[in-house]
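Single-letter residue listing:
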Amino acid sequence: MARRRQLYEGKAKILFEGPEPGTLVQYFKDDATAGNGAKKGTITGKGVLNNRISEYLMTRLAEIGIPTHFIRRLNMREQLIREVEIIPLEVVVRNVAAGSLATRLGITEGQRLPRSIIEYYYKNDQLNDPMVAEEHITCFGWAATQDLDDMVALTLRVNDFLCGLFLGVGITLVDFKLEFGRLWENEEMRIVLADEISPDNCRLWDTKTGEKMDKDRFRRDLGKVEEGYQEVARRLGILPEAGPRDMSGPEVMQ
Ligand code: TMP
C-alpha cells in the first residue's frame, strides 16, 4: 500500500491523510495512557479490538440515524473516516457513579444515578482537560449554543441506545466519553459523532458480577487488561476470528 502522510499522532491513535479529499485514515495503536500521560503502557491487541468495537458501535448508531465520522474499516488497525473540525470538548455521560465523579463528590462507586448526568471537559492537555460549564463553552467560542444543543440531543440518544445494547450482552454502561466534530457539506454544517467508542473511553461492568472490562483495569493495575477488552468484543460477537494471538496488525506507515 502507498505510504501516507501522517497528520497527527495522539495518545492512542494516529491520523493519516485519506485516499480522497475530506477523508482521513484513523490508525489504532496499542499504547495506553492514564492520568493525562502520567502512566504509560501497552495493551497488546488493544488497537485491533478498539478498531472493531468502535466500527461496530458507530455502525449500529448510524443505523438509528446518529451522524458519525465513520465510513468503513480498512484493515485490522485502520478505519476510513470523514475529516471533521473537532470541537475541543469531551462530553462525558454518567449513569452510575464512578471515577472522578465518585472521587470529587465523595459518592460511593457503583451507586446508580437517579438520572444520567452530562459533563463537559475542555480538551487541553496542558491544562489537564478541566471540567467546564456551558457558560465557558459559549463564552470562549468553543461551541455555539446551537452546537451544544445538537451535541446534548445526540449524546442522550447515544446513551439510551448503547445502554440497551450493552445490557443485552450483560454489560452495564457506567459512563463514557464522546467527541464531536463539525462536518461541512456545501454551505451546510452538521455536528457529527467523532473519535472512537471503545473500552478506552467507556466504563463497562459485568452486570452480574460488577467485574470491570475497560481501561480502569489498566488505570488501576487490576491485571487481565487485554482479557477485559476481548470479553467486550466477544460478547458483542465481533472478536477477530484469528484470536488474540494474531492481533499485532500491520506496521504503522509514516
Ligand atoms: P472520569 O470518571 O475519569 O471523569 O471518566 C469518565 C469517563 O470518561 C470514563 O468512561 C472514561 C472517559 N474518559 C476519557 O475517555 N478520556 C478522558 O480523558 C477522561 C478524563 C475520561
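Before any of the text, the structure's been laid out above.
Before going into details, it helps to say that this report is about the structure given with it. Fair warning: this is a prediction, and the values are worked out from it, not measured in the lab. (Residues numbered from 1 in each chain as written. Predicted model: local features only at pLDDT ≥ 70, side-chain atom pairs only at ≥ 80, totals over all residues. Heavy atoms only, no water.)

### Digging into the environment of isoleucine 81
When you line up the elements, isoleucine 81 lands in strand E7 (residues 78-82). Classification of isoleucine 81 as buried rests on a relative accessible area of 3%. C-alpha of isoleucine 81 to C-alpha of leucine 15: the two residues are 66 residues apart in sequence and 9.6 Å apart in space. With residues up to four places along the chain from it excluded, the contact list for isoleucine 81 reads Leu15, Gly22, Thr23, Leu24, Gln26, His69, Phe70 and Ile71. (Helix = DSSP H or I, 4+ residues; strand = E, 2+ residues; numbered from the N terminus. Buried < 20%, exposed > 50% of the residue type's maximum accessible area, 1.4 Å probe, protein only. Contact = heavy atoms within 4.5 Å.)

### Side note on the site of the ligand
Around the ligand, a shell composed of 15 residues is seen, among which Arg94, Ser100, Asp175, Asn201 and Arg203 lie nearest. Within the side chain of arginine 203, one N or O atom sits 2.8 Å away from an oxygen atom of the ligand. Expressed as a share of its isolated accessible area of 450 Å², the protein-covered part of the ligand is 78%. Mapped onto the shell around the ligand, the elements with two or more residues apiece are strand E9 (89-96), helix H2 (99-105), strand E12 (171-185) and strand E14 (202-206). For the shell around the ligand, the residue count by class is five nonpolar, three polar and seven charged. (Near = heavy atom within 4 Å. Polar contact = N/O pair within 3.5 Å; in protein donor to acceptor, adjacent residues only side chain to side chain. Areas by Shrake-Rupley, 256 points an atom, 1.4 Å probe, with all protein chains shown as cover. Nonpolar A, V, L, I, M, F, W, Y, C, P; charged D, E, K, R; others polar.)

### Observations concerning the nonpolar core
Ranked by size, the top nonpolar core spans 45 residues in total, and within it Phe166, Phe180, Leu193 and Ile197 carry the most contacts. Element by element, the count of residues in this core is highest for helix H4 (residues 145-167), at seven residues. Discounting residues that sit within four places of it in the chain, leucine 193 has contacts with Met58, Leu61, Ile66, Pro67, Thr68, His69, Val158, Leu178, Glu179 and Phe180. If you look at the next biggest cluster of nonpolar residues, it comprises five residues, including Ile14, Val25, Tyr27 and Leu80. (Core = buried A, V, L, I, M, F, W, Y, C linked by side-chain atoms within 4.5 Å.)

Read these as geometric descriptors, not functional statements.
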